[in-house]
Number of protein chains: 2
Amino acid sequence: MGHSYRNGVLIVFALSVSAWLFPGSPPAAPGDDAGLLKQAKELLGRLPTVISSSANPVTPARAALGKMLFYETRISVDGTVSCVRCHPFSLYGADGLRKSVGHDARPNPRNAPTVLNAAGQISAHWTGNRKDVEDQAEQAVVGPASFGMPSSEAAEKKLRGIAAYGPLFERAFPGDPSPVSIGNFARAVGAFERTLVTPSPFDGFIGGDGKALGEAEKLGLRQFISAGCVSCHSGVYVGGGMYEKFGVYEPYWTYTKSPEIDEGRFTVTKSEGDKYVFKVPGLRNVEMTSPYFHDGSVDRLPDAVRVMGRVQLGKTLGDGEVGTIVSFLKSLTGRIPADALLVPILPRTD
Amino acid sequence: MGHSYRNGVLIVFALSVSAWLFPGSPPAAPGDDAGLLKQAKELLGRLPTVISSSANPVTPARAALGKMLFYETRISVDGTVSCVRCHPFSLYGADGLRKSVGHDARPNPRNAPTVLNAAGQISAHWTGNRKDVEDQAEQAVVGPASFGMPSSEAAEKKLRGIAAYGPLFERAFPGDPSPVSIGNFARAVGAFERTLVTPSPFDGFIGGDGKALGEAEKLGLRQFISAGCVSCHSGVYVGGGMYEKFGVYEPYWTYTKSPEIDEGRFTVTKSEGDKYVFKVPGLRNVEMTSPYFHDGSVDRLPDAVRVMGRVQLGKTLGDGEVGTIVSFLKSLTGRIPADALLVPILPRTD
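## What about helix H13 (residues 301-313) of chain B?
Residues and elements named next belong to chain B.
- The first and last C-alpha atoms of H13 sit 17 Å apart over 13 residues, in line with the 18 Å expected at 1.5 Å per residue.
- Listing the buried residues of H13 in full gives Leu 301, Pro 302, Ala 304, Val 305, Val 307, Gly 309, Val 311, Gln 312 and Leu 313.
- At its buried positions, H13 is contacted by strand E1 (243-245), helix H11 (252-256) and helix H14 (319-330).
- A positive backbone phi angle near 65° is found at Gly 314, which sits one or two residues after H13.

If you want it as structure tokens, here you go:
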């Protein structure tokens, strides 16, 4: 209540910003839940039940095999690395580290993004150097800072050494004359990851349940839209749909205090315009996946919101605004599918 | 059927061995299921539902907290190690490695024993250098090849940094004026581990269900008793109750081909009589916890049985005998408690 005057001023200011950003769709006024819902549907959206792919159809057999392989350490070079190492569900599909650590304690160049809802994004990883979740899984096997195998063939040999996988691959890839392959490992893992969608209170709201969000969360959603966050963090995954320069107004490291400067997508494309460009991360479950940014340089979510205000929007967000935006962001914390939380038992050799 | 003559001869031979081993209890004759049951009850036994401890009572709050802490990487020196790293349930509470790997890829001196049913054994680890599961958990935090923290105090500070644990420790340790401590971390993890019992078909048999074991498994149980395996692998955990020299008849490394010679319990007691002495491992779930022995030097269960025959019993077990003993050992593969297979979600800091 004490913030209503200041919030009013901010909203008036923000209205003009977002009228410019969304000329066809003026922001919903406070109290106008129907307008807010309409806007949220247009700008964001409700999660699907499965993130489908025509290239990699999600069948129960394929996803179940993929879950086993997600836990399979025995195909890594030192027998200690599997997908779940950097993406444990206990930490919402990320690992809580600034930068992940692969085989033989090798540091990864960047923070592990959560695997939850990841399949719906334009690419995997921060710089777009992995086409999709299947490509990510396939490359991780030979990644020097992940599984560390010298080649796909060597990993395939290890996989074939666990004979009980044979029938499971056959069932997951019917008609494939040579089903036990790293390509199919990646497809199975990808199919499992395509089931990792996490419906949240926000999806209840988008589905028409006005009570699914509280007043602070709705106000936060309004501010998320009107402050301009949604201009990049848009779509069903509240981000993950585009690349953007990190540091539109000022260099990001001025605020993140990053110990190293990462040139982002430039490292992939070598195009000058891609310097400091990263994939806009999806914000679903962001409450549960600290630390933040490509280098995990910021520990707390309110601080991350403040950094974004400064370097992406050129504004200093007030404590009240940060607090309500964080309230909205917490409404994006969803339920991990029950099946994903159930540890698979892996086959043994006799 | 082709083996019946040879098996008969072996059983006759074995009868004399085990009449010597168990003078009060002559081995049950083939077909005498009631006799076999009586003997199995005397020599082995049925699992409890929880492995209780008067020093560390298992309450639901304590075990639930312990399960979370079992997954907690954030109190390790590099943020990558938790109990589950060496004891994933996907591999039946062991890690499938010859020797485990701790923080910064540091090798452990020995193979990780499964955490399943471990709380019922006389000590934790291979050489008795950990008093019980609580002691093991407490020492792992500062273990140079496990969590690697410089001190308990430093680990405690990290634990206190995750504020949401406070109320959970209070509930698990009511009346404790300073509940968030590494001592209580160890008690909670221990309480969780005391719930990790895995009832198997063998327990059905011990419970009086004669059909719970097939004929090969019952024959294997007979041979396990008559060959003398049970003289060390006895009690409810089919081992885990005593220390024994590995290599009674011949040095173990002659058969395991171990690349290094481990002096076992001698490294703890410095007593000459403890050279090459190890804790007799419990054999429950042995099918699922390869590779075998303190150094993981043997990959396949039948080979491990052969090695034991040579070095512990001074005999060359035939293929048929090995096969039926393995059949019996597989009847010790139990069900991991459903709750233990459900990944806990860990609290985050704001």
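## Structural notes on unusual backbone geometry
Residue and element names in this part refer to chain A.
- The residue after Ser 290, namely Pro 291, is reached through a cis peptide bond having omega -5°.
- Here Pro 291 lies in the loop between strand E2 (277-279) and helix H13 (301-313).
- A positive phi angle, close to 50°, is found at Asp 104, a residue other than glycine.
- Looking at the element boundaries, Asp 104 is found in the loop between helix H4 (83-86) and helix H5 (133-142).
- A relative accessible area of 43% places Asp 104 in the partly exposed class.
- Residues other than glycine seldom take positive phi values, yet Val 238 does so here, at roughly 50°.
- Of note, Val 238 is situated in the loop between helix H10 (215-226) and strand E1 (243-245).
- On the accessibility criterion, Val 238 (0% relative accessible area) is buried.

## Description of the interface of chain B and chain A
- Taken residue by residue, the interface counts 33 residues in chain B and 33 residues in chain A.
- Here chain B is connected to chain A by zero salt bridges.
- For the pair chain B and chain A, the number of links is eight residue pairs in polar contact (both at pLDDT 80 or more).
- Its residues assigned to classes, the side of chain B that touches chain A shows 16 nonpolar, seven polar and 10 charged.

## Description of the relation of the copies chain B and chain A
- When chain B is brought onto chain A, the operation consists of a screw motion whose angular component is 180° and whose axial shift is 0.0 Å, with 0.0 Å RMSD remaining. Here the symmetry operator amounts to a two-fold rotation axis. Relative to the rotation axis, the closest C-alpha in chain B is found at Leu342(B), a distance of 2.3 Å.
- Mapped onto chain A, 100% of the interface residues of chain B are again interface residues, and the two copies thus contact each other with one and the same surface.

## Brief notes about the pattern of salt bridges
- Inspection of every chain in the model, using the stated rule, returns 36 salt bridges over all chains.
- Close ionic contact of Asp303(A) with Arg300(A) constitutes a salt bridge, the shortest N to O distance being 3.6 Å.
- Its relative accessible area of 29% is what places Asp303(A) among the partly exposed residues.
- Owing to a relative accessible area of 37%, Arg300(A) belongs among the partly exposed residues under this scheme.
- Here Asp339(B) makes a salt bridge to Lys67(B), at a shortest N to O gap of 3.3 Å. Of this pair, Asp339(B) sits in the segment after H14 while Lys67(B) sits in helix H3 (residues 60-70); the two residues are 272 residues apart in sequence, bridging distant segments of the chain.
- Salt bridges sharing common partners tie together Asp33(A), Glu215(A), Lys218(A) and Arg222(A).

## Topic: the nonpolar core
- Of all hydrophobic cores here, the largest spans 80 residues; its most connected members are Phe89(A) and Phe89(B).
- In contact with Phe89(A), other than residues within four places in its own chain, are Phe70(A), Tyr71(A), Val115(A), Leu116(A), Phe192(A), Leu196(A), Ile336(A), Ala340(A), Leu341(A), Val343(B) and Ile345(B).

## Describing the packing of aromatic side chains
Residue and element names in this part refer to chain A.
- According to the stated counting rule, one finds 29 aromatic pairs over all chains in the structure shown.
- Look at Phe 246 and Phe 293: their rings are 5.0 Å apart centre to centre, the planes differ by 40°, and that puts the pair in the tilted class. Within this pair, whereas Phe 246 is found in the loop between E1 and helix H11 (253-256), its partner Phe 293 is found in the loop between E2 and H13, the two being separated by 47 residues in sequence. Each member of the pair, Phe 246 as well as Phe 293, is classed as buried.

## Some thoughts on the environment of Val236(A)
- Residue position: Val236(A) is located in the loop between H10 and E1.
- Along the chain, Val236(A) and Ala40(A) lie 196 residues apart, while their C-alpha atoms are 9.7 Å from each other.

## Considering the confidence of the model for chain A
All names here are of chain A.
- With 92% of its residues at a pLDDT of 70 or more, chain A has an overall mean of 92.
- In the predicted structure, residues 1-24 sits below a pLDDT of 50 and forms 22 contacts with residues beyond four places in sequence or in another chain.
- In the predicted assembly, ipTM is 0.90 and pTM is 0.91.

Criteria and thresholds
- For every chain, the first residue of the written sequence is number 1, and numbering continues from 1 onward in sequence order.
- As they are written, the chains are lettered A onward and the ligands numbered 1 onward, keeping that order.
- Side-chain atom pairs in this predicted model are given and counted only at pLDDT of 80 or more, local residue features only at pLDDT of at least 70, and totals for whole chains, interfaces and linings cover all residues.
- Excluded from the side-chain calculations are hydrogens and water; all other atoms, namely the structure's heavy atoms, are used.
- Runs of E in the DSSP output that reach at least two residues are strands. Runs of H or I that reach at least four are helices, and both are numbered from the N terminus.
- How far a helix is expected to stretch is found by multiplying one less than its residue total by 1.5 Å.
- Exposed residues in this analysis have more than 50% of their type's maximum accessible area, buried residues have under 20%, and partly exposed residues fall in between, with area computed by a 1.4 Å probe over protein chains only.
- When checking whether two residues touch, look at their non-hydrogen atoms; a contact exists if any pair is within 4.5 Å.
- Every case where a carboxyl oxygen of Asp or Glu lies within 4 Å of a side-chain nitrogen of Lys or Arg is listed as a salt bridge.
- Polar contacts here mean pairs of N or O atoms no more than 3.5 Å apart (in protein, one a potential hydrogen donor and the other a potential acceptor; neighbouring residues in sequence count only if both atoms are side-chain atoms).
- Each residue gets one of three labels, nonpolar for Ala, Val, Leu, Ile, Met, Phe, Trp, Tyr, Cys and Pro, charged for Asp, Glu, Lys and Arg, and polar for the others, Gly among them.
- The copies were overlaid by least squares, fitting only the C-alpha atoms of residues that reach a pLDDT of 70 or more in each copy.
- Only buried residues count toward a nonpolar core. Its members are Ala, Val, Leu, Ile, Met, Phe, Trp, Tyr and Cys residues joined through side-chain atoms within 4.5 Å.
- Pairs were defined over the aromatic rings of Phe, Tyr and Trp, the Trp ring being its six-membered one, requiring ring centres within 6.5 Å. Orientation was assigned from the angle between planes: stacked under 30 degrees, edge-to-face over 60, tilted for the rest.
- Summary of the metric used: pLDDT quantifies the predictor's per-residue confidence within the range 0 to 100.

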